[in-house]
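Overview (structure and organization)
Now for the letters of each chain:
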4 protein chains.
Amino acid sequence: MASQAWRWYMEYTSPHHGYILAIKEYLYSGLTSFQSVDIVDTHAFGRCLILDGKIQSAQMDEHVYHEALIHPAVARHHRPRRVLIMGGGEGAVLRELCKYSFLEKIVMVDIDAEVVALCKKHLPRWHGNCFEDPRVEVLHLDARRYLAENPHQFDIIYSDLTEPAEEGPSYLLFTKQFYSLVRERLAPGGILVVQAGGISLDFIEIHAAVRNTLRLCFSRVKSYRAHIPSFNSDWGFIMACDGSVPVELPGEEVDRFLRESAVDLRFYDGETHTGMFRLPKDIREALDRDSTVIEDDHPLSIY
Amino acid sequence: MASQAWRWYMEYTSPHHGYILAIKEYLYSGLTSFQSVDIVDTHAFGRCLILDGKIQSAQMDEHVYHEALIHPAVARHHRPRRVLIMGGGEGAVLRELCKYSFLEKIVMVDIDAEVVALCKKHLPRWHGNCFEDPRVEVLHLDARRYLAENPHQFDIIYSDLTEPAEEGPSYLLFTKQFYSLVRERLAPGGILVVQAGGISLDFIEIHAAVRNTLRLCFSRVKSYRAHIPSFNSDWGFIMACDGSVPVELPGEEVDRFLRESAVDLRFYDGETHTGMFRLPKDIREALDRDSTVIEDDHPLSIY
Amino acid sequence: MASQAWRWYMEYTSPHHGYILAIKEYLYSGLTSFQSVDIVDTHAFGRCLILDGKIQSAQMDEHVYHEALIHPAVARHHRPRRVLIMGGGEGAVLRELCKYSFLEKIVMVDIDAEVVALCKKHLPRWHGNCFEDPRVEVLHLDARRYLAENPHQFDIIYSDLTEPAEEGPSYLLFTKQFYSLVRERLAPGGILVVQAGGISLDFIEIHAAVRNTLRLCFSRVKSYRAHIPSFNSDWGFIMACDGSVPVELPGEEVDRFLRESAVDLRFYDGETHTGMFRLPKDIREALDRDSTVIEDDHPLSIY
Amino acid sequence: MASQAWRWYMEYTSPHHGYILAIKEYLYSGLTSFQSVDIVDTHAFGRCLILDGKIQSAQMDEHVYHEALIHPAVARHHRPRRVLIMGGGEGAVLRELCKYSFLEKIVMVDIDAEVVALCKKHLPRWHGNCFEDPRVEVLHLDARRYLAENPHQFDIIYSDLTEPAEEGPSYLLFTKQFYSLVRERLAPGGILVVQAGGISLDFIEIHAAVRNTLRLCFSRVKSYRAHIPSFNSDWGFIMACDGSVPVELPGEEVDRFLRESAVDLRFYDGETHTGMFRLPKDIREALDRDSTVIEDDHPLSIY
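Predicted model, so just to flag it, every value in this text is computed and none were measured.

Time to look at the environment of D:Val247. Residues and elements named next belong to chain D. Topologically, Val247 is positioned in the loop between strand S12 (233–241) and helix H8 (251–260). For the pair Val247 and Arg259, spaced 12 residues apart in sequence, the C-alpha separation works out to 20 Å. With near-sequence residues (within four places) excluded, Val247 lies in contact with Arg76, Arg220, Lys222, Met239 and Cys241.

This is the structure:
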């Protein structure tokens, strides 16, 4: 039966639950110095980037993930000039940021130059050639080392890193010690945004731990989420800052900001914003019940 | 390896995408006159009811589904007295409705008496013995025939039916002709609520078609959604009514209503409500682009 | 898609290889005092008995397994009168043995009375009511204890037991110490036959270990095999005895024996016999390379 | 869980049965003018060649397949000089044939030059550089056209083609009309050998049809089989010729022939040979019951 799919991606979320996705074509499959990389075309979600066996972004819904990660903080800050991205190899965070003409400097620190090169080649819709934007500087360093060695300050810092698995390369970029360092690199009124795992009744441990950890470093910490079908979950983000101004904005202000910035998006607007920041009661209570904190010498153990 | 799971539930959402769920124990597996029924215990989601190979509700998140279905309409109507449920075999809609002391009559019309009996036996947490509540009347009839033959009027009518697959038993309960009949059975100020399929970038056809169909019959039609992990999707609901009052309520009014009704819920409150009714921009646009209508002689063909 | 199968049996032969089998209907699923039991109808193989997540026998090919287990030893012994079966809960070994009018006594020792009762009810084609044959005696005891406490001697002893997993109930019925005891219970000229795991390039460890262990106890030990599709492998059996007569028979003698015994079989005859006893060169060499022995205090660890 | 496999090969043998195989690494994945090609490394079977979603040969057991295909006919013919291979892109049939110093000419006709080039690069153990042997001539043509246009005669002709699926490229190379043409290209005493599908209780239709078709063209037609774990089945081959000499040899003659030819193999010897040619009774009867014939205008429809 020639039409039956035989190439599959299978992701177990636990030993008792998983999902399967047929792969139409393998564009790339190999190892970098840091991780395994697959770039594939799928019937269900279009092109996908898979790192260490986890889907990082999919053509069908990467705009949801990247707009949700980037824009609420820009709208809240209102007029950032200097921005730092930790991770973000696909270049889609660059694409979203480059839409703002008032941004003057965008530094992206992603340790894996090979992943960035593969994304440049195979994911053109993701980066939209924004790697060429003169405001963009890309560095292939460990983000923690970069922050320790460079005293520059940023208006917004984005953490777009893979999950803090104990054995993974990102674990030390999710700890209390690391977030204290990040805080020192934020300019006054600065904001940190972290992509922070699933936010769902059956998968919330990572988000809760990152949130608890951030609360030890920042006075204002707010979770929000968007549904990402290719992640098989509602996905959580966290905005963290200091000061007296509430993190969140009314929807109308979001719409006005986007209009004034001449930015038109696919997923994000004022109504989307309002929905993203209203978590269901049971989720809020599950987050409140959790007290795990991630420290340099106390990693998070996850499936 | 004795600990490896061997009993699995596998649901294909398309020929190229699906999910797999290990089954700890089979409590029941058989055929009624209308459908196949499996009641199983799973590691990931607890006990599950599966009808014709689709999970209908799971212990872990059935409260999300049933609270989302039931309470927004009660809050909006404010003081309903007579309610009709079409479908709802598990009894969990009864459980939610029976929390309101002001309700006087709850009629549930579910064609499949065998499913109801199995749920009574195997899903005690779902119905909480509300089948015994004196306000509840359960009829095992085709809902369309019931409405055609009974002139009673209801303040709220809930459609908690399986999906309108062409060959399925529910198809004629999702058509323009049927909704016109439902409208005649609504008391002045009455509200129809329909569980209406996934509401997600990769799975929105059913919801869009039901919404378009309802719009031909009602002047106010509003979609909302909740994330149901065991359905593997954000799930959509639709509230439909006539009249000049907006369908939706501010969150504070929801909280006040629940407090005054002395009803304390796990998922639903004012903040949840506000989040549920704010759909993302791309979803709103996808719904607006769709123009499919379901008619008695024009069914919806779905995977 | 109502026709898509959703109930599946999945068996991993390693973390990297497995097979999946759709289940048409669950007839029984539960736990006995010793093991889990599923009796299911499948599209591919008909009715199947599954113990602890492993298919034990399937309607499509159980005749292959049971004829291969039983008849070569009867043909070789030529005129056995007393036979012992260890395990064999389905009753199909009884069915095969009862075909021989010259047998006078058939003792079956299966520890799990509940499995036997379930097989009697759900697998009528397997046992063909042979549990009622007056020559048959069924005992629900540990086979090792039975042999230790009963001095009776048998012309053939069959080991039809689940695999010797370390944590499983059968492990102590595959050791050197146990086979020494079995040998004492064989009458002069007696034969032991053991179902002994897969015999295939990718799955041969169990067979090799059982064979090595038997060789420490018997002077003649001969492996043979049959292809069992529902076991996903060529399956191995071992005949062990003492004395000077070769274990194997020419095909013509097998045919003559069956004719004289008025026994007509589906799978087994002289040509089948000759094929079963000729193992490929690479398999013979893989067996010869292995030197594992199973002892009471040195179990076999398998996936 | 970084160690969990996420790249899988899944092969459905029917809508209700299949198997799954984790892929360690993708070496190649693409389309030629004729078919899709995947070359992968697997944990369970080593390197594998997959054409149109079917495993063609695997490192662990390709020697079984290729030795079973090649050597019985050479031993039976005793001293062939000119040999034709139809298909055989991996080059492993060349490797087996080149072991015979008395062979003078080996013509291989495989339509897909790209597959041959990929196998040369990625499957060095398969061909062992035998493409360079001066006796070997490789042509990239349709085999039927080659035979129609070239009057050369051969002592042995091997058909090592993918299955005769109606829509596949090989279908017209399995018909009565084609085999009549092949027969004209056999030298006196010549032998045709065909790889001919699974030979198992649940998968025998292709083998039976090819066998019936060959019987219309040759006076002696004999099936034999070998267990190929990576094909998930016992696999069938057919030897066809004319004349009065029985097709099959006694095992001792096979051993003497191999010794005299100074050929030492991994799978095949006299004992293996005897086992391969003895089919079980139920398989023989299933083959005898089938009467399907494949003709140019009457293809075989298979899953």
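Another point: the side chain of A:His122. All names here are of chain A. Tracing the sequence through the fold places His122 in helix H3 (residues 113–122). Relative accessible area serves as the criterion here: at 11%, His122 is assigned to the buried category. Leaving out residues up to four positions away in the same chain, His122 has contacts with Leu27, Tyr28, Ile39 and Arg47.

The two copies are related by a screw motion: chain B maps onto chain C through a turn of 180° and a shift of 0.0 Å along the axis, at an RMSD of 0.0 Å. Accordingly, the operation relating the two chain copies is best matched by a two-fold axis. In terms of proximity to the rotation axis, the leading residue of chain B is B:Trp8, whose C-alpha is 2.6 Å off the axis. Here 100% of the interface residues in chain B have copies in chain C that are interface residues too; the copies meet face to matching face.

A separate point is the interface of chain B and chain C. Taken together, the contacts link 20 residues of chain B with 20 residues of chain C. Here chain B and chain C share an interface that buries about 2000 Å² over both sides, 56% of which is from carbon and sulfur atoms. Joining chain B to chain C, the criterion identifies 9 residue pairs in polar contact (both at pLDDT 80 or more). For the side of chain B that touches chain C, the secondary structure elements donating two or more residues are strand S1 (7–14), strand S2 (17–31) and strand S3 (36–42) of chain B. Broken down by element, the side of chain B that touches chain C gets its largest block of residues, 5 residues, from S1(B). Residues that form the side of chain B that touches chain C fall into these classes: 12 nonpolar, 4 polar and 4 charged.

Turning our eyes to something else, we now look at the side chain of C:Glu62. Residues and elements named next belong to chain C. The residue Glu62 is located in helix H1 (residues 62–77) in this model. Judged by relative accessible area, which is 6%, Glu62 ranks as buried. A distance of 2.7 Å separates the side chain of Glu62 from the side chain of Arg95, its partner in a polar contact. If sequence neighbours within four positions are ignored, Glu62 has contacts with Ser57, Ala92, Arg95, Arg125 and Trp126.

Right, let's talk about the pairing of strand S5 (residues 54–58) of chain C for a bit. Residue and element names in this part refer to chain C. For S5, the buried fraction is high: 4 of the 5 residues fall into the buried class. With 4 bridges connecting them, strand S4 (residues 46–51) and S5 associate as antiparallel partners. Bridge assignment links Leu49 to a residue of S5, and that residue is Ser57. What sits between the antiparallel neighbours S4 and S5 is a turn of 2 residues, in which Asp52 has the positive phi angle 45°.

Moving on: the packing of aromatic side chains. Here the structure, examined in full by the defined rule, presents 50 aromatic pairs over all chains. For the ring pair A:Tyr224 and A:Phe237, a centre distance of 5.4 Å and an interplane angle of 20° mean the geometry is stacked. Taken together, the residues span a long stretch of sequence, with A:Tyr224 in strand S11 (residues 220–228) and A:Phe237 in strand S12 (residues 233–241) at a distance of 13 residues. We classify A:Phe237 as buried; its relative accessible area is 0%. Here the aromatic rings of B:Tyr9 and B:Tyr19 are separated by 6.3 Å at their centres, their planes lie at 80°, and the arrangement is edge-to-face. Taken together, the residues span a long stretch of sequence, with B:Tyr9 in strand S1 and B:Tyr19 in strand S2 at a distance of 10 residues. Residue B:Tyr9 is classed as buried on the basis of its relative accessible area, which comes to 1%. Chaining the aromatic ring pairs together yields one cluster made of A:Tyr65, A:Phe203, A:Tyr224, A:Phe231, A:Trp235, A:Phe237 and A:Phe277. Stacked on the ring of A:Phe131, the Lys or Arg A:Lys120 has its end atom at 4.8 Å from the ring centre.

Conventions adopted
- Numbers given for residues are sequential positions, taken from 1 along each chain in its written order.
- The order in which chains are written sets their letters, starting at A; the order in which ligands are written sets their numbers, starting at 1.
- The model is predicted, so local features are restricted to residues of pLDDT at least 70 and side-chain atom pairs to those at 80 or more, both for listing and for counting; the totals for chains, interfaces and linings are taken over all residues.
- For side-chain calculations, the full set of non-hydrogen atoms in the structure is used, while hydrogens and water are omitted.
- Runs of H or I in DSSP of at least four residues are treated as helices and runs of E of at least two as strands, each being numbered from the N terminus.
- Note on definitions: a residue-residue contact is assigned when non-hydrogen atoms from the two residues lie within 4.5 Å.
- Partly exposed residues are those whose accessible area sits between 20% and 50% of the maximum for their type, while under 20% is buried and over 50% is exposed, using a 1.4 Å probe and protein chains only.
- Copy-to-copy superposition: least squares on the C-alpha atoms, limited to residues that have pLDDT of at least 70 in both copies.
- Defined here as a combined quantity, buried area equals the accessible surface (1.4 Å probe) lost by two parts on assembly, summed across both.
- Whenever a nitrogen or oxygen atom comes within 3.5 Å of another N or O atom, the pair is scored as a polar contact, on the condition that within protein one atom can donate a hydrogen and the other can accept it, and that pairs from neighbouring residues in sequence are kept only if both atoms are in side chains.
- Charged means Asp, Glu, Lys or Arg here, nonpolar means Ala, Val, Leu, Ile, Met, Phe, Trp, Tyr, Cys or Pro, and polar covers whatever is left, Gly included.
- Two strands make a pair as long as DSSP finds a minimum of two bridges between them.
- The criterion for an aromatic pair is that two Phe, Tyr or Trp rings (for Trp, the six-membered ring) have centres within 6.5 Å, with stacked assigned to planes under 30 degrees apart, edge-to-face to planes over 60 apart and tilted to the rest.
- Only lysine NZ and arginine CZ atoms are considered, and such an atom sits over a ring when it is within 6 Å of the ring centre and within 35 degrees of the ring normal.

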